[in-house]
Number of protein chains: 4
Amino acid sequence: MVELKFHCCMPMFIARQWIRHRTANVNEYSGRYSLMPMLFYTPSAEQLQTQSPVNNQGRSGQTVELAKYESAVARWNGIRERSREAYEWLTGEEIARELARIDLPLSTYTQWYWKIDLHNLLHFLTLRVDSHAQWEIQEFGRVMAGMLERVAPLSYEAWLDYDVCGTRMSHMELEALRRLVKVQGEGLSSQAGQVDGNALAELGLSGREARELLQKLAPKERPSFTLDASRGLPGEHFQERFSQAVPKGDRLPEP
Amino acid sequence: MVELKFHCCMPMFIARQWIRHRTANVNEYSGRYSLMPMLFYTPSAEQLQTQSPVNNQGRSGQTVELAKYESAVARWNGIRERSREAYEWLTGEEIARELARIDLPLSTYTQWYWKIDLHNLLHFLTLRVDSHAQWEIQEFGRVMAGMLERVAPLSYEAWLDYDVCGTRMSHMELEALRRLVKVQGEGLSSQAGQVDGNALAELGLSGREARELLQKLAPKERPSFTLDASRGLPGEHFQERFSQAVPKGDRLPEP
Amino acid sequence: MVELKFHCCMPMFIARQWIRHRTANVNEYSGRYSLMPMLFYTPSAEQLQTQSPVNNQGRSGQTVELAKYESAVARWNGIRERSREAYEWLTGEEIARELARIDLPLSTYTQWYWKIDLHNLLHFLTLRVDSHAQWEIQEFGRVMAGMLERVAPLSYEAWLDYDVCGTRMSHMELEALRRLVKVQGEGLSSQAGQVDGNALAELGLSGREARELLQKLAPKERPSFTLDASRGLPGEHFQERFSQAVPKGDRLPEP
Amino acid sequence: MVELKFHCCMPMFIARQWIRHRTANVNEYSGRYSLMPMLFYTPSAEQLQTQSPVNNQGRSGQTVELAKYESAVARWNGIRERSREAYEWLTGEEIARELARIDLPLSTYTQWYWKIDLHNLLHFLTLRVDSHAQWEIQEFGRVMAGMLERVAPLSYEAWLDYDVCGTRMSHMELEALRRLVKVQGEGLSSQAGQVDGNALAELGLSGREARELLQKLAPKERPSFTLDASRGLPGEHFQERFSQAVPKGDRLPEP
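About the thresholds
Residues numbered from 1 in each chain as written. Chains lettered and ligands numbered in written order. Predicted model: local features only at pLDDT ≥ 70, side-chain atom pairs only at ≥ 80, totals over all residues. Heavy atoms only, no water. Axes fitted to C-alpha atoms, helices over the stretch in contact; angles between N-to-C directions. Helix = DSSP H or I, 4+ residues; strand = E, 2+ residues; numbered from the N terminus. Parallel < 35°, antiparallel > 145°, perpendicular 65-115°, else oblique. Left-handed = near helix turned anticlockwise from the far one by under 90°. Contact = heavy atoms within 4.5 Å. Nonpolar A, V, L, I, M, F, W, Y, C, P; charged D, E, K, R; others polar. Least-squares fit on C-alpha atoms with pLDDT ≥ 70 in both. Salt bridge = Lys/Arg side-chain N within 4 Å of Asp/Glu carboxyl O. Polar contact = N/O pair within 3.5 Å; in protein donor to acceptor, adjacent residues only side chain to side chain. Buried < 20%, exposed > 50% of the residue type's maximum accessible area, 1.4 Å probe, protein only. Core = buried A, V, L, I, M, F, W, Y, C linked by side-chain atoms within 4.5 Å. Pairing = 2+ DSSP bridges.

Draft legend 1. Region of the structure containing the packing of helix α7 (residues 171-178) of chain A against helix α9 (residues 207-217) of chain A. All names here are of chain A. One can describe the packing of α7 onto α9 by two numbers: an axis separation of 11 Å at closest approach and a directional angle of 60°. Viewed along their axes, α7 and α9 adopt a mutual orientation that is oblique. Our pair here, α7 against α9, has a crossing hand that is right-handed. Across the interface between the two elements, Glu 173, Ala 176 and Leu 177 from α7 touch Glu 209, Leu 213, Lys 216 and Leu 217 from α9. Tallied by class, residues from the contact of α7 with α9 come to four nonpolar, no polar and three charged.

Draft legend 2. Fine view of the relation of the copies chain C and chain A. It takes a turn of 180° to lay chain C on chain A, together with a shift of 0.0 Å along the axis; the resulting RMSD is 0.1 Å. Taken together, these values place the two copies in the relation of a two-fold axis. For chain C, the smallest separation between a C-alpha atom and the rotation axis is recorded for C:Pro105, amounting to 2.1 Å.

Draft legend 3. Expanded view of the interface of chain C and chain A. Listed by partner, the interface residues are 62 residues for chain C and 62 residues for chain A. Summed over the shared surface of chain C and chain A, the result is 10 salt bridges. For C:Glu98, the salt bridge is made with A:Arg59, and the minimal N-O distance between the two is 2.6 Å. One can count 37 residue pairs in polar contact (both at pLDDT 80 or more) joining chain C with chain A. At the level of elements, α1 (12-18), β2 (25-28), β3 (49-51), α2 (66-92), α3 (97-100) and α5 (135-151) of chain C are the ones that each hand at least two residues to the side of chain C that touches chain A. If one sorts the elements of the side of chain C that touches chain A by residue count, α2(C) sits on top with 14 residues. When the residues that make up the side of chain C that touches chain A are grouped by side-chain class, the tally is 27 nonpolar, 16 polar and 19 charged.

Draft legend 4. Fine view of the environment of C:Thr167. Position of C:Thr167 relative to the elements: it lies in strand β6 (residues 167-169). Apart from residues no more than four positions distant in its own chain, C:Thr167 is found in contact with C:Lys216, D:Thr167, D:Arg168, D:Met169 and D:Leu174.

Draft legend 5. Here's a closer look at the pattern of salt bridges. Going through the model one piece at a time under the given rule, you end up with 64 salt bridges over all chains. Among the salt bridges present, the one from A:Arg222 reaches A:Asp161, with a minimum N-O distance of 2.8 Å. Taken together, the residues A:Arg222 in the loop between α9 and α10 (235-245) and A:Asp161 in helix α6 (residues 153-164) connect sequence positions 61 residues apart. Residue class for A:Asp161 comes out buried when judged on its relative accessible area of 16%. A single salt-bridge network, built from bridges that share partners, covers A:Arg32, A:Glu98, C:Arg59 and C:Glu136.

Draft legend 6. Looking closely at the environment of B:Gly166. The residue B:Gly166 is located in the loop between α6 (153-164) and β6 (167-169) in this model. Judged by its relative accessible area of 14%, B:Gly166 is buried. Along the backbone, B:Gly166 and B:Lys216 are 50 residues apart, and their C-alpha atoms lie at a distance of 8.6 Å. Discounting chain neighbours no more than four positions away, the residues touching B:Gly166 are A:Arg168, A:Met169, A:Ser170, A:His171, A:Leu174, B:Leu160 and B:Asp161.

Draft legend 7. Just the nonpolar core, in detail. The biggest cluster of nonpolar side chains holds 108 residues, and the ones touching the most others in it are B:Trp114 and D:Trp114. With residues near it in sequence (within four places) discarded, D:Trp114 still touches D:Leu4, D:Lys5, D:Phe6, D:Cys8, D:Trp18, D:Ala24, D:Asn25, D:Val26, D:Leu121, D:Phe124 and D:Met144. Counting residues in each nonpolar core, the second largest holds 106 residues, with A:Ile95, A:Ala133, A:Ala152 and C:Met12 among its members.

Draft legend 8. Spatial organisation of unusual backbone geometry. The phi angle at A:Glu94 is positive, at roughly 65°, despite the residue not being glycine. By secondary structure assignment, the location of A:Glu94 is in the loop between α2 (66-92) and α3 (97-100).

Draft legend 9. Local environment of the sheet that holds strand β5 (residues 109-117) of chain A. Residue and element names in this part refer to chain A. Taken in spatial order, the three strands line up as β1-β5-β2 in an open sheet, and their pairing is antiparallel. Of all strands in the sheet, those bounded by a partner on one side alone are β1 (3-11) and β2 (25-28). In this sheet, adjacent strand axes meet at a mean angle of 20° when their direction is disregarded. Those strands touched by helix α5 (residues 135-151) are β1 and β5, and its axis lies near 155° from that of β1.

And the structure:
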């Protein structure tokens, strides 16, 4: 069995989604034992979008005007400044760390070691590079897919072909296709005709299912998650950055 | 969560396949503690088929001549008669049951309570009504699907539509379909052409994958596992039959 | 199988510990889809304690002077006021909720339905009423144990006797006891002697293990988690409170 | 995570117990695809014991007279000779292997690759070297424990100290001990007295629990599962033996 182990840093609102995948072994940096680095995630202007009116849980693709973005950033900075001050004061007063942390924002970075076998990793990546996932966790999925490509290129290609760019078809969807395509010899040939929206409904597809069938058959680009190795940074870079962001006023617990 | 609990009796060679599904809770009749009923499974003449030359692990569909079937049955009966005699003698001598049973044939019936939630049951049934499973366990799958229909008809219908009669399509399979079918308005229409065996190979489908694609698009009957309730027998019938088949020479352990 | 389903509300820093128990079925209120109620947890003065110098991850039992507590509360209130303002402004501007929430503090309440079978619940409760767990999650454990007592009193009593007030003993610990206690007839009798710290070390117990053995044999009160039913509040009370704490300036997504 | 992979051969009645441990990855030799070697397990005279009157599922420790053992062996040989003849005839007639095997006795050897992590292996071994397990699977447990000692001696020793020779104590058992032993300084000392059978009952121990407590405190030898490496045989030895025991009249499936 191939197992992969990742050292990951992510904002806590992402950690809360990620942890729901229960087939990995997780060893998280403990805010009860250790001091948290004061590092926070700030969305880019491009990502600050309105609520999606379609799926009701993602973003719409529609960014907001720059002034609003700047106003949001100012709010975030204000909250974080106060949170940092409170955390440094509380830990400086030697308050229990498990309490000192309770008003850190969800944008605070945490980190963990995350070990998973290849089979379950592919399942995780399929869900996480999907457009329905929160964009920030998609980003993690894309980078991890690129890492996978470097160590297991054949599995990566098969995953793209069978999972990411593949799909499931129900009996009703196949019935629609059988009206337009038939087996001929050792291949397929089309048979003239069409299956319009009404016909799809008669076959038993709901409105949403009909829209999804059209999406499945629309032209689809095979994505690439290849990493630009020149943009990589050594682990020490992040270790240093974390280490410097830890409050300094506190005495570390004696070993 | 909907959970279903089945009281199942099956030959041990089937039990050994069945137990591999690990998402159920199993409580099996213990041959260490209890006396085994002397009940054995005998395949019908129709089922005594030669080894499949295609998938190398199933049967070919080709039955054998009657004389051979009768010869097989005679052998089975001879083995079972000796096994039964040995079991009755050993348990009559109060030999530990865990040893008395060791030469019972794999065709001996065992029984268990098997509890599973709906989600995992559907997964089990999908695998077990599949034509690649051993025919005898398919039979259990079909009857259990029929039982499911009686208590959860909507789940049963959805399972037929999405799992049993649905399929997965890879990127390469979808690419083949995209050459013959296009989205038009809110429906699909065919575009004249064909994708022959060579074209499928060029798209990246292996020979086996190409054959499977043709099977997926060939006309397919939606199966029915509806039970004929008039053929059902009460649980007491089987309990009685088991009870009578237990060796009688042995003193039961004191409670 | 007995299953219990709880509707739980807890601060997110507790939710992050709780979710690590992977044997339950969790259905959490989604901050991507729904508006979060602006409800935050505030520790009492009694609970604001310094970091434990012993186990390095809990609190010491030592509270801080009142002025410090008030200073902490003032900081928390400041952070929460800004977080609430930002959340209301962002959602009022129809920013995607998955982003509007990212600076809510970890003290913000979330809620979930949590379903677990009895066996796994007992395991969860054993870990969570333990003094090494964070005090706030102990409180949840104690209340849930009290709920369990009301519906499964025999299981609850057995859990107290065998798990909470029971312990494991190693070979070395048993060897220490065998020097002081011997089997006599159908009971036990003491044999004069003592096993001092050096003797424990010679038997192979580390310093920590020796201290733990003494704790195991020290007099121990059997705890009670019986609930005072008169202090219970109906579910509607909390539903109402949550509902009122949800920002009002936002238009709800159309169904 | 340390993982261990075993290539195991065992009679099918043992395989049926073993497979109940669900935390391992199993890859079993398929009797649907491959021909089964005609190898059978025969208990020794020492092991052919009567049913235990105590635990109702094991053996009593009481062997039977030699004539009975010889009579049992004669019966086993008769059954196996017929089973082998039937299997060779059926496979020689190219009957599907999944049916040809159905009257092989449970004493027939099967084999599998069995991969498990250290944590779960220790749990498996604790259950399987226990005196309540069937003696034959205890033997596998003991040999595997000896293999573990060779590759992970520290884990093996800790497993002996904490699991095999350790135990759990309930509140009632600890209360009995607290009457005879008290904490004194950094050690323990006895206090004169005894807790007889009645007193144990008054403390809440059932008759079985009282007997178990006495067993826990009785002197206990720390077992050793150290292997005598000089008795080991190379894997090729068994491979050769299996290969020679496979029926020869059958044509192997074409690749």
